[in-house]
Amino acid sequence: MDRRSSAPRQRPGSRTALVPADRLQGWVDRFVASHGPVGEDLDDGGVLLRAADGASALLKAPWPADGRPGRGTTEVARMASLAAQERGLGLLLVRKGGYALAAAGGSAILASKSGNRFLDAKATAEHAARIFNDHRVEYIVPGGDRALVDQVLAQPLLGTIAGRTRLAFLDVQAPKASVLAKCATDACAVRITVTDPPA
């Protein structure tokens, strides 16, 4: 079964930031300093902060709790704790100009393979299978060209791995070895969609 985690809905006048778990509370503190006291509500699969001046920030964890919820006395603290957990990731970044694959433990790259040409979906799936099957891959981190990523994941070689939950799609223009570390870090970050107060 293809279980996909949807990206936050981008509203007009909004912007998205990727914030590491250890910086989340500081980000929230600065948001409060700029916009006034906030209320916390569970909304759209995340935590919605509503500020006194009408601004809002929707915080979404990088992955579902899957029986391992974060700890803390507030929703923000629990989200930071959840995002700080190390999860097994399989990065699959594909465009016609190349591909980059990696198994990661949290933001640490454990094994990788890249090429400056995307030959075909089967060949890329063969490389991915070799890397992913040797490591703990709990979630797929897709990026690049959605159609090509889908073609690779449809290959029988990837079997049950292709059915793992897909995390938020990464906007990657040039898949190559040098971008894998940043992509792994981005995949582990809390996604915050900020909407400015009404004019």
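Located above this text is the structure these notes cover.
> How would you explain the overall build of the protein chain if you had to name every residue and give the values?
Of regular secondary structure, the protein chain possesses five helices and ten strands. Taking 16 Å as the expected radius of gyration for a compact globule of 199 residues, we find that the protein chain reaches 18 Å, a close match to that expectation. Taking the intrachain contacts of the protein chain between residues at least 6 apart in sequence as the baseline, contacts between residues at least 24 apart amount to 63%. Accessible area for the protein chain stands at about 9800 Å²; split by element, carbon and sulfur atoms hold 51% of it.

> Describe in detail the side chain of His 35, supporting the description with residues and values.
Here His 35 is to be found in helix H1 (residues 24-35). Given the relative accessible area of 18%, His 35 is considered buried. With residues near it in sequence (within four places) discarded, His 35 still touches Ala 51, Ala 52, Asp 53, Ala 55 and Pro 197.

> Could you give an account of the pattern of salt bridges, naming the residues involved and the relevant values?
Using the criterion set out here, one finds seven salt bridges in the structure. With a closest N to O distance of 2.8 Å, Asp 196 and Arg 15 form a salt bridge. Taken together, the residues Asp 196 in the segment after strand S10 (190-195) and Arg 15 in strand S1 (residues 14-19) connect sequence positions 181 residues apart. Classification of Asp 196 by relative accessible area gives partly exposed; the value is 37%. On the basis of relative accessible area, Arg 15 is assigned to the partly exposed category, the value being 43%. For Arg 50, the salt bridge goes to Asp 41, with nearest N and O atoms at 3.6 Å. With a relative accessible area of 38%, Asp 41 lands in the partly exposed category. Taken together, the shared-partner salt bridges in this structure form one network comprising Arg 68, Arg 136 and Glu 138.

> Tell me about the environment of Asp 150, and please be specific about residues and values.
Inspection of the secondary structure assignment puts Asp 150 in helix H4 (residues 146-153). According to the relative accessible area criterion, Asp 150 is partly exposed, its value standing at 31%. C-alpha separation for the pair Asp 150 and Ala 162, spaced twelve residues apart in sequence, amounts to 9.2 Å.

> Pulling in residues and values, what's your account of the nonpolar core?
Formed by 22 residues in total, the largest nonpolar core has its most connected members in Leu 92, Val 94, Phe 132, Val 152, Leu 153 and Leu 158. The set of elements that each furnish at least two residues to this core consists of strand S5 (88-95), strand S6 (98-105), helix H3 (121-132) and H4. If one sorts the elements of this core by residue count, H3 sits on top with six residues. Setting aside residues up to four positions removed in sequence, Leu 153 forms contacts with Leu 92, Ile 140, Leu 158, Ala 162 and Arg 166.

> Give a description of the sheet that holds strand S2 (residues 38-43) that names residues and reports values.
Pairing in this open sheet of five strands is antiparallel, and the strands run S1-S10-S4-S3-S2 from one edge to the other. The sheet is open, and its two borders are formed by S1 and S2, each paired with just one other strand. Between one strand and the next, the sheet's axes are offset by a mean angle of 20°, whatever the strand orientation. Note that strand S3 (residues 46-51) and strand S4 (residues 56-60) share four bridges and pair antiparallel. Bridge assignment links Arg 50 to a residue of S4, and that residue is Ser 56. Running at roughly 140° to S3, helix H2 (residues 75-84) makes contact with S2, S3, S4 and S10 of the sheet.

> Give me the sheet that holds strand S9 (residues 165-166): which residues, what numbers.
The five strands lie next to each other as S7-S6-S5-S8-S9, forming an open sheet whose pairing is mixed. Every interior strand has two partners, whereas the edge strands, strand S7 (108-115) and S9, have only one. Each of S5, S6, S7 and strand S8 (139-144) is contacted by H3, which is oriented at about 15° to S6, the strand it contacts most. Strands in contact with H4 are S5, S8 and S9; relative to S5, the strand with the most contacts, it is inclined by about 120°.

What counts, and where the lines are drawn
Residues numbered from 1 in each chain as written. Predicted model: local features only at pLDDT ≥ 70, side-chain atom pairs only at ≥ 80, totals over all residues. Heavy atoms only, no water. Helix = DSSP H or I, 4+ residues; strand = E, 2+ residues; numbered from the N terminus. Rg over C-alpha atoms; globule rule 2.2 N^0.38 Å. Contact = heavy atoms within 4.5 Å. Areas by Shrake-Rupley, 256 points an atom, 1.4 Å probe, with all protein chains shown as cover. Buried < 20%, exposed > 50% of the residue type's maximum accessible area, 1.4 Å probe, protein only. Salt bridge = Lys/Arg side-chain N within 4 Å of Asp/Glu carboxyl O. Core = buried A, V, L, I, M, F, W, Y, C linked by side-chain atoms within 4.5 Å. Pairing = 2+ DSSP bridges. Axes fitted to C-alpha atoms, helices over the stretch in contact; angles between N-to-C directions.

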